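# Overview (structure and organization)
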Amino acid sequence: MTVTAIVGANWGDEGKGKMTDVLSAQSDYVVRYQGGSNAGHTIINEYGKFALQALPSGVFHAGVINVIGPGVALDVETLFRELNSLETRGVPAPKLCISDRVQVVLPYHQLFDQLEEERLGSRSFGSTRRGIAPFYADKYAKLGIRTSDLTNEDRLRARLTQALESKNVLLQHLYGHAPLDVEPLIPQLMDWGVRLQPYLRDTTAVLQQAQSDGKRILLESQLGALRDPDHGIYPYSTSSSTLAGFAPVGAGLPPYAVTGILAVTKAYSSCVGAGPFVMELEGTEADELRRRGGDAGEFGAVTGRPRRVGWFDAVATRYGCSIQGATGVALTNLDVLGYLDQIPVCTAYELADGTVTEAFPVGAQLDEAKPRLSFLDGWRSDLSEARTYDELPAAAQRYVEFIESAIGVHVAYISVGPRRDQIIVRA
Ligand code: GDP
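The structure reproduced in this document is the subject of the present report.

## Here's the deal with the overall build of the protein chain
When its secondary structure is counted, the protein chain shows 12 helices and 20 strands. For the protein chain, the C-alpha radius of gyration of 22 Å lies close to 22 Å, the compact-globule estimate for 427 residues. Considering only C-alpha atoms, the protein chain reaches an extent of 65 × 50 × 40 Å along its principal axes. Within the span of the protein chain, comprising 427 residues, buried residues form 58% of the whole. Here the contacts in the protein chain between residues at least 6 apart in sequence split such that 76% fall between residues at least 24 apart.

Right, here's the structure in full:
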């Protein structure tokens with residue numbers, strides 16, 4: 001029996017989707033346990049290229065049961081759009097179970113996200129405007145709507161009426177927007193209930209049974225450690241925990257069920273959106289890394305926004321792995337660095353007062369930190385056909401081993417291209 005959490009060690013976009021797709025081949029269940037449609041997991045396989053925002057990354061494997069757990073922010077329209085797109089692109093209908101306790105992102109969550117970003121103007125946090133922060137705010141204010149509420153009109157009307165009381169005050173007096181009426185929402189949400197009904201289950205019971213039957217379960221995270229609201233770069237964080245510690249909660253398994261935590265990190269750094277990013281490159285160096293990175297350059301899978309890029313940041317990644325509790329690392333995008341004679345790596349931060357630290361700082365210290373670099377030899381060759389560790393050039397092996405010792409976690413997988421087969425398993 002294995003229950004493995006696949007999580008990000010950094011700011012997100014580390015290649016978790018690819019790693020989940022690869023490991024799904026040996027899994028029975030793949031579970032999304034937090035987050036919403038504000039980030040996409042890129043997967044390239046025999047069916048083409050996909051950027052999944054709502055569906056678990058196991059949907060391309062016929063034998064896998066895909067689960068959306070109660071911790072997720074369920075974007076219903078995106079979910080059905082993705083299911084349709086799989087069908088039109090020839091992917092067999094996936095096995096999918098959606099928790100009857102998971103809450104849905106409502107049209108007014110997206111409206112509030114947009115209005116708040118506009119209100120904040122240049123002080124905005126770079127929201128993707130998918131309604132994720134207003135969704136989680138409502139969830140914890142006990143104003144959310146669960147999938148099970150969508151099949152009971154009276155209950156739905158009562159919940160929406162309660163939620164809109166305070167929202168309409170904000171809409172009118174903070175945002176200068178017309179108030180919302182409950183009634184037009186009812187048919188739309190009831191329709192969601194009808195369409196979701198075939199998938200709704202007590203997924204917690206399903207997973208607990210699977211666990212006691214010794215099934216292999218992958219828990220798939222969205223975004224990365226540094227976006228965690230408690231341990232990340234708050235307030236430039238997301239609104240749900242991105243940590244493996246939350247995985248059993250958001251999925252519905254006992255905490256002791258998790259047997260492995262695979263933290264995914266790129267061989268360099270990338271970051272979408274605002275917030276402190278100490279190792280950030282500018283100018284032509286950044287342009288070149290951004291152009292060569294990922295499968296088609298470093299551009300957001302959902303937003304298309306250019307990602308900020310930098311060299312590998314051992315300070316941030318060691319911290320990310322430690323708060324994840326990583327038991328192994330998947331190092332992705334190693335192939336991207338083959339154009340460099342020398343590869344810089346950030347091994348420490350210099351704080352504003354001149355102190356040099358290997359610990360990840362907080363607040364103003366983080367904002368003002370500067371990277372301290374070490375340089376490793378490049379390998380100046382194409383790694384994309386390598387399938388065993390021994391096939392990597394000596395300089396690439398030294399790079400992997402340097403990172404491994406800098407972050408203190410075993411590098412168990414090395415990804416040398418975006419495709420499913422471009423993977424090296426390191427014992
Ligand atoms: P996720 O959200 O963590 O799944 O990451 P994204 O899908 O947002 O971003 C990862 C990017 O890296 C995507 O463009 C992937 O296709 C790409 N990718 C993943 N692994 C590799 C790799 O080993 N090499 C290259 N060149 N691209 C990769």
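From this point, the narrative continues.
## A short note on the packing of helix α5 (residues 153-173) against helix α6 (residues 185-196)
Two elements in contact, α5 and α6, have axes separated by 11 Å at closest approach and are oriented at 125°. One finds that α5 runs oblique with respect to α6. For the crossing formed where α5 meets α6, the hand is right-handed. Packed against α5, whose contacting residues are E153, L156, R157, L160 and L164, the element α6 presents L185, I186, L189 and M190 at the interface. Across the contact of α5 with α6, the residue classes tally to seven nonpolar, no polar and two charged.

## Things to note about the pattern of salt bridges
All chains considered together, the criterion is met by 28 salt bridges. One continuous salt-bridge network, built from bridges that share partners, spans D13, K266, E298 and R307.

## Re the site of the ligand
Taken together, 20 residues are adjacent to the ligand, and K16, G17, T42, D295 and S415 come closest. Between the ligand and the protein, one listed contact pairs an oxygen atom with a backbone N or O atom of K16 at 2.8 Å. Separating an oxygen atom of the ligand from a side-chain N or O atom of S415 is a distance of 2.5 Å. When isolated, the ligand has an accessible area of 580 Å², and the protein chains bury 97% of it. One can see that the ligand is located within the second largest pocket. In terms of residue count, the dominant contributor to the shell around the ligand is helix α1 (residues 16-24) (three residues). Among the residues forming the shell around the ligand, the class breakdown is three nonpolar, 10 polar and seven charged.

## Regarding the packing of helix α3 (residues 107-120) against α5
The interhelical angle for the contact between α3 and α5, taken along N-to-C directions, is 20°, at an axis separation of 12 Å. By the angle between their axes, α3 is roughly parallel relative to α5. As for how α3 packs across α5, the hand of that crossing is left-handed. Between α3, through Y108, L111, F112 and L115, and α5, the contact on the second element is made entirely by L160, A163, L164, K167, L170 and L171.

## Details of the nonpolar core
Judged by nonpolar contacts, the single largest core of 74 residues is most densely connected at L219, L334, L392 and Y399. The residue makeup of this core includes at least three contributed by each of domain 1 (2-100 + 204-230 + 246-262) and domain 3 (263-425). With 41 residues, the next largest nonpolar core counts F80, I98, L143 and L160 among its residues.

## Quick notes on the layout of surface pockets
Each pocket or cavity is described by its volume, and for the largest pocket that value is around 980 Å³. Listing elements by their share of the lining of the largest pocket, those giving two or more residues are α3, α4 (132-140) and α5. Grouping the constituent residues of the lining of the largest pocket by class yields 22 nonpolar, 13 polar and 10 charged. Computed from the structure, the second largest pocket encloses a volume of approximately 480 Å³. The wall of the second largest pocket is formed by 33 residues, among which G15, T42, G294, D295 and R307 lie closest to the centre. Secondary structure elements with two or more residues in the lining of the second largest pocket: α1, β3 (41-45), β4 (48-52) and β10 (216-224).

## Some points on the side chain of R227
If you trace the backbone, R227 turns up in the loop between β10 and α8 (247-251). Although R227 is buried, it forms no salt bridge, and the closest oppositely charged side chain is D13 at an N-O distance of 7.0 Å. At a separation of 2.7 Å, a polar atom in the side chain of R227 contacts the main-chain carbonyl oxygen of Y236. If near-sequence neighbours (up to four positions away) are discounted, R227 is found in contact with N10, W11, G232, I233, Y236, S237, T238, T242, C271, V272 and A274.

## Here we look at the environment of L106
By secondary structure assignment, the location of L106 is in the loop between β8 (103-104) and α3. For L106, a relative accessible area of 1% gives the class buried. Filtering out sequence-adjacent residues up to four positions away, L106 remains in contact with I145, L160, L189 and W192.

## Here we look at the pairing of β10
Within β10, eight of the nine residues are buried, which leaves the element mostly enclosed by the surrounding structure. As defined by bridge partners, strand β1 (residues 2-8) adjoins β10 across six bridges and the pair is classed as parallel. Each residue of the ladder has a partner; that of A5, found in β10, is L219.

## A closer look at the packing of aromatic side chains
Scanning the model with the defined rule gives 11 aromatic pairs in all. Judged by centre distance (6.4 Å) and plane angle (45°), the ring pair of Y33 and F246 falls under tilted. Remark: F246 occurs in the loop between β10 and α8 and Y33 occurs in the loop between β2 (29-32) and β3; sequence separation between them is 213 residues. The pair Y33 / F246 is uniform in exposure class, with both members buried. Linked through ring pairs, Y47, F50 and F60 together constitute an aromatic cluster.

## A word on empty space enclosed by the protein
The tally for this structure, following the rule as stated, stands at two cavities of 30 Å³ or more. Put simply, the largest cavity is a space of about 50 Å³. Partitioned by chemical class, the residues of the lining of the largest cavity number four nonpolar, five polar and two charged. For the second largest cavity, the calculated volume is near 40 Å³.

Reading guide: rules and limits
- Residues numbered from 1 in each chain as written.
- Predicted model: local features only at pLDDT ≥ 70, side-chain atom pairs only at ≥ 80, totals over all residues.
- Heavy atoms only, no water.
- Helix = DSSP H or I, 4+ residues; strand = E, 2+ residues; numbered from the N terminus.
- Rg over C-alpha atoms; globule rule 2.2 N^0.38 Å.
- Buried < 20%, exposed > 50% of the residue type's maximum accessible area, 1.4 Å probe, protein only.
- Contact = heavy atoms within 4.5 Å.
- Axes fitted to C-alpha atoms, helices over the stretch in contact; angles between N-to-C directions.
- Parallel < 35°, antiparallel > 145°, perpendicular 65-115°, else oblique.
- Left-handed = near helix turned anticlockwise from the far one by under 90°.
- Nonpolar A, V, L, I, M, F, W, Y, C, P; charged D, E, K, R; others polar.
- Salt bridge = Lys/Arg side-chain N within 4 Å of Asp/Glu carboxyl O.
- Near = heavy atom within 4 Å.
- Polar contact = N/O pair within 3.5 Å; in protein donor to acceptor, adjacent residues only side chain to side chain.
- Areas by Shrake-Rupley, 256 points an atom, 1.4 Å probe, with all protein chains shown as cover.
- 1 Å grid on protein atoms, 1.4 Å probe; cavity = no way out; pocket = protein on both sides within 12 Å on 5 of 7 lines; lining within 4 Å.
- Sits in = over half its atoms within 2 Å of the grid points.
- Core = buried A, V, L, I, M, F, W, Y, C linked by side-chain atoms within 4.5 Å.
- Domains from an automatic or database assignment.
- Points joined across faces, edges and corners; volume = space filled by probe spheres on them.
- Lys, Arg positive; Asp, Glu negative; His and termini not counted.
- Pairing = 2+ DSSP bridges.
- Phe/Tyr/Trp six-rings, centres within 6.5 Å; stacked < 30°, edge-to-face > 60°.

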